[in-house]
Amino acid sequence: MNNSREILRDYYDTASKNYLGRASKGLMGWMRNRELAITLDMIPKSGQGAALDAGCGPGYYCQVLRDRGFNVCAVDISGQMVSIVKELGFPACVMDIEHSEPPCDISLPVDFLFCAGVAEFAIDPVKFLLSLRRMIKPGGEMLIIAPQAGAFAFLYRKYLESKGIPCKTYTRKSMARYLQNAGFEPIEARSAWPICLAIRARAI
């Protein structure tokens, strides 16, 4: 693991202590609520089969997916986040999605894959998405949430880079191109100002 990945892991290990509380207040809370407004609508209302929360954080979306009928497993780069998710009753493993092989102790591939707040940390977006593609069945669907290029995303990127964490932002066109190059067919794209880009795609 290179230095920037170690910094990223340590950043989220530290953030795990009050992640949802911090993300629910002030400007972050306002942006998160705008993200939730479209994200929760794009997750299937009545899920079937297995789902993977790739970059699970403290497990908020794991619980949403379970409540909607999926059998949920999870991965995250942060061991502290994974511990929290395990305490919620989900199978979970530490994984750096872009740079690690899929863990053998969760059931893969899955029918539905959810990935929020991870694509911005990809060094090579196609390599990152190819890793996700290996963990989903052909014909399965993925919902990926990423920062949409713009003024707020620029500030977000600069904030992370000041901490030694490289960060990418995306347009609908660039993310669609990366998805197609990694074996996905984009189906639907939505955005919530000022930063949230949500794309639903099918594995082909």
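Predicted, not measured: the structure shown is a model, and the values here were computed from it. The residue numbers shown here count from 1 along each chain, following its written sequence. Owing to the predicted nature of the model, reporting of local features is limited to residues with pLDDT of at least 70; listing and counting of side-chain atom pairs is limited to 80 or more, with chain, interface and lining totals taken over all residues. Where side-chain values are given, they derive from all heavy atoms of the structure, hydrogens and water being excluded.

### Notes on a nonpolar patch on the surface
Patches draw on residues past 30% relative accessible area with no salt bridge. Two like charges within 9 Å are joined, as are two nonpolar side chains (Val, Leu, Ile, Met, Phe, Trp, Tyr) within 5 Å. Each accessible area is a Shrake-Rupley result for a 1.4 Å probe, and residues are judged covered by the shown protein chains and nothing else. We define a salt bridge as a side-chain nitrogen of Lys or Arg found within 4 Å of a carboxyl oxygen belonging to Asp or Glu. A cluster of nonpolar side chains, namely Leu27, Trp30 and Trp193, defines an oily patch on the protein surface of about 360 Å² accessible area. A relative accessible area of 54% places Trp193 in the exposed class. For each residue, the accessible area found with a 1.4 Å probe, counting protein chains only, is set against the maximum for its type, and the residue is called buried under 20%, exposed over 50%, and partly exposed in between.

### Focus on the pairing of strand S7 (residues 196-203)
Residues in a regular strand project their side chains so that they alternate between the two faces of the sheet. Helix and strand assignments follow DSSP, with helices taken as H or I runs no shorter than four residues and strands as E runs no shorter than two, numbered in order from the N terminus. Counting buried residues along S7, seven of its eight residues qualify, which places the element largely inside the surrounding structure. Here, a strand pair is defined by DSSP locating no fewer than two bridges between the strands. The pairing of strand S6 (residues 184-192) with S7 spans eight bridges and is classified as antiparallel. Bridge pairing in S7 links Glu188 to Arg200. Counting the residues that bridge the hairpin from S6 to S7 gives three residues.

### What about the packing of aromatic side chains?
Between 30 and 60 degrees the pair is tilted, below 30 it is stacked and above 60 it is edge-to-face, where a pair is any two Phe, Tyr or Trp rings, Trp via its six-membered ring, whose centres lie within 6.5 Å. Under the definition given, this model contains nine aromatic pairs. Note on Tyr12 and Tyr19: the rings are 6.1 Å apart at their centroids and 55° apart in plane angle, and the pair reads as tilted. Centroid distance Tyr12 to Phe121: 5.9 Å. Interplanar angle 75°. Geometry classified as edge-to-face. Of this pair, Tyr12 sits in helix H1 (residues 3-15) while Phe121 sits in the loop between strand S4 (110-116) and helix H6 (125-134), placing them 109 residues apart in sequence. Each member of the aromatic cluster is reached from another via a ring pair, and the members are Tyr11, Tyr12, Tyr19 and Phe121.

Coordinates in, geometry out; function isn't part of it.
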